[in-house]
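The chain contents come next:
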Amino acid sequence: MKYRTIGTDPRHRREVSVLALGAMLFGSLTDEQTSFAVLDRYVEAGGNFIDTSDNYAFWTDGSQGGHSEELLGRWRRSRGVGDEVVIATKLGARPLAPGTSYTDNAEGLSAKVIRESAERSRERLGVQKLDLLYAHIDDHGVPLQETVEGFAALVAEGTVGLLGVSNQAIWRVERARALAAAASLPGYEVLQYQHSHLRPRFDMPSDLFPDGSLGHAGAELLGYLRSEPALTLVAYSPLLGGAYGRADKPLPPDYDHPGTPARLAVLREVARETGASVNQVVLAWQMGAELPVVPLAGASSVAQLEENLAAVDLELSAEQRARLDAAH
């Protein structure tokens, strides 16, 4: 395994594996025995960066979520796992009532919610301190200053280490970080956005993003990260839910545009040249990029995890990287 540092404050920064493990469906669609087996193998291979959320996976049974955090708590206790494993979680998108969603009834990002939700997550995970806590989605109904101060208060108390943000407009991220800096408070240092080798359309509206996607890492976000090298991009859904390698998993609709075939063709060329799978090429391309990315990949079996782990040692040549970067 290889590692990189996230965070800047010596009190909270952590060395994390370059491949993060997504636990979104653990304890729901992925049963406990399989989830434990995947977690055990990931840690055995040197992995130490696991991602969850307080709302995972509410949509599987119409609940408010909590399945994933609860399973991770059981796994930690049964294996005697301590703070050598970094567990990141998120808040803000938990439905306030069963049968609702984050698009119509989200918990939000008030100071009260931040405190209460973080406490619930600590209890479910069985930890004294959340290593990394994200604002999962934006909340325009709460003053940004309140959200910034709410997160910072937990860092000051020692119950949260690093702060992160996901699925928000970059101007909102920068504004929140500026408010934090002006008040000498800790701000967001880890940005989790959807990012893969194929490029999506950004103009397709959804219930959460009526003006087009704010959840994908596009030119604006990547440019922002280049200007702020202390920040880290964690890329969720790097493998597009299995669509690269499975005929029964079509590409999401926002990837159906004229630029996709050329990039997909280069991915397949490089996979043939290296003897690797397309999934492994995507992960290796991210992990070794000029702008380093921590891919966050889920796995519903140990076999899937093994394929992903092998990407850590896949070395792409400069010429292969140039082709992958330039394809359009």
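The structure this text deals with has already been given above.
The rules we used
Residues numbered from 1 in each chain as written. Predicted model: local features only at pLDDT ≥ 70, side-chain atom pairs only at ≥ 80, totals over all residues. Heavy atoms only, no water. Helix = DSSP H or I, 4+ residues; strand = E, 2+ residues; numbered from the N terminus. Rg over C-alpha atoms; globule rule 2.2 N^0.38 Å. Buried < 20%, exposed > 50% of the residue type's maximum accessible area, 1.4 Å probe, protein only. Contact = heavy atoms within 4.5 Å. Areas by Shrake-Rupley, 256 points an atom, 1.4 Å probe, with all protein chains shown as cover. Lys, Arg positive; Asp, Glu negative; His and termini not counted. Charge placed at Lys NZ, Arg CZ, Asp CG, Glu CD. Expected span 1.5 Å × (residues − 1). Phe/Tyr/Trp six-rings, centres within 6.5 Å; stacked < 30°, edge-to-face > 60°. Salt bridge = Lys/Arg side-chain N within 4 Å of Asp/Glu carboxyl O. Polar contact = N/O pair within 3.5 Å; in protein donor to acceptor, adjacent residues only side chain to side chain. Core = buried A, V, L, I, M, F, W, Y, C linked by side-chain atoms within 4.5 Å. Pairing = 2+ DSSP bridges. Axes fitted to C-alpha atoms, helices over the stretch in contact; angles between N-to-C directions.

Caption draft 1: Structural detail: the overall build of the protein. For the protein, the helix and strand inventory stands at ten helices and ten strands. Its C-alpha atoms give the protein a radius of gyration of 19 Å, within 12% of the compact-globule value 20 Å for 328 residues. Seen through its principal axes, the protein has C-alpha atoms that stretch 55 × 45 × 40 Å. Considering the protein as a whole, with its 328 residues, one finds that 54% of them fall into the buried category. Within the protein, contacts between residues at least 6 apart in sequence are counted, and of these 74% link residues at least 24 apart. Entry remark: accessible area of the protein is about 13900 Å², with carbon and sulfur atoms responsible for 52%. One way to put it: in the protein the 31 positive side-chain charges average out to a point 2 Å from where the 43 negative ones average out.

Caption draft 2: Quick peek at the environment of Leu130. One can find Leu130 in strand β6 (residues 130-135). Expressed as a C-alpha distance, the spacing of Leu130 and Ala118, which sit twelve residues apart in the sequence, is 8.0 Å. If we ignore the near neighbours within four places in the chain, the residues touching Leu130 are Thr89, Ala118, Ser121, Arg122, Leu125, Thr159, Val160 and Gly161.

Caption draft 3: Main features of helix α4 (residues 144-157). Here α4 is 14 residues long and its end C-alpha atoms lie 20 Å apart, about the 20 Å a rise of 1.5 Å per residue gives. Along α4, the residues classified as buried are Leu144, Thr147, Val148, Gly150, Phe151, Ala152, Leu154 and Val155. Considering only its buried residues, α4 is in contact with β5 (86-91), α3 (111-125), β6, β7 (160-166), α5 (170-182) and β8 (188-194). The positive-phi residue at the C-terminal boundary of α4 is Gly158, with phi of around 90°.

Caption draft 4: Spatial organisation of the packing of aromatic side chains. Under the criterion given, the structure shown has four aromatic pairs. Summarising the aromatic geometry, the rings of Phe58 and Trp59 are spaced 5.2 Å apart at their centres and angled 85° between planes, so their arrangement reads as edge-to-face. Taking 6.2 Å as the distance between ring centres and 70° as the angle between the ring planes, the aromatic pair formed by Phe151 and Tyr188 counts as edge-to-face. Of this pair, Phe151 sits in helix α4 while Tyr188 sits in strand β8; the two residues are 37 residues apart in sequence, bridging distant segments of the chain. This pair shows no difference in class: Phe151 is buried, exactly as Tyr188 is. Among the aromatic residues, those joined into a ring-pair cluster are Tyr56, Phe58, Trp59 and Tyr102.

Caption draft 5: Spotlight on the pattern of salt bridges. This model, assessed by the stated rule, comprises 21 salt bridges. With a shortest N-O distance of 2.7 Å, Arg11 and Asp9 are connected by a salt bridge. Under the relative-accessibility criterion, Arg11 is labelled exposed at 65%. Among the ionic pairs, Glu273 bridges to Arg323, the shortest N-O distance being 2.7 Å. Within this pair, whereas Glu273 is found in helix α7 (residues 260-274), its partner Arg323 is found in helix α10 (residues 318-326), the two being separated by 50 residues in sequence. Through salt bridges that share partners, Glu269, Glu273, Glu319 and Arg323 make up one connected network.

Caption draft 6: A look at unusual backbone geometry. For the peptide bond that leads from Tyr56 to Ala57, omega is -10°, which places it in the cis range. Checked against the element boundaries, Ala57 lands in the loop between β4 (49-51) and α2 (67-79). Phi at Ser184 is positive, roughly 55°, even though this residue is not glycine. For Ser184, the position within the fold is in the loop between α5 and β8. Classification of Ser184 as exposed rests on a relative accessible area of 68%.

Caption draft 7: Quick peek at the side chain of Ser166. With respect to the helices and strands, the residue Ser166 is situated in strand β7. Here Gln192 takes part through its backbone oxygen, which lies 2.7 Å from a polar atom of the side chain of Ser166. Excluding anything up to four places from it in sequence, Ser166 contacts Ala135, His136, Ile137, Gln192, Tyr193 and Tyr236.

Caption draft 8: Summary view of the nonpolar core. Phe49, Ile50, Phe151 and Leu191 are the most contacted members of the largest nonpolar core, which has 91 residues in total. At seven residues, helix α8 (residues 278-287) tops the list of elements feeding residues into this core. If sequence neighbours within four positions are ignored, Phe151 has contacts with Leu91, Leu109, Ile114, Leu133, Tyr134, Ala135, Leu163 and Tyr188.

Caption draft 9: Molecular detail of the sheet that holds strand β10 (residues 293-298). Overall, parallel pairing links the eight strands, which are arranged β3-β4-β5-β6-β7-β8-β9-β10 in a closed barrel. Geometrically, the sheet is characterised by an average inter-axis angle of 30° between neighbouring strands, direction not taken into account.

Everything listed here is a matter of geometry and, on its own, says nothing about what the molecule does.
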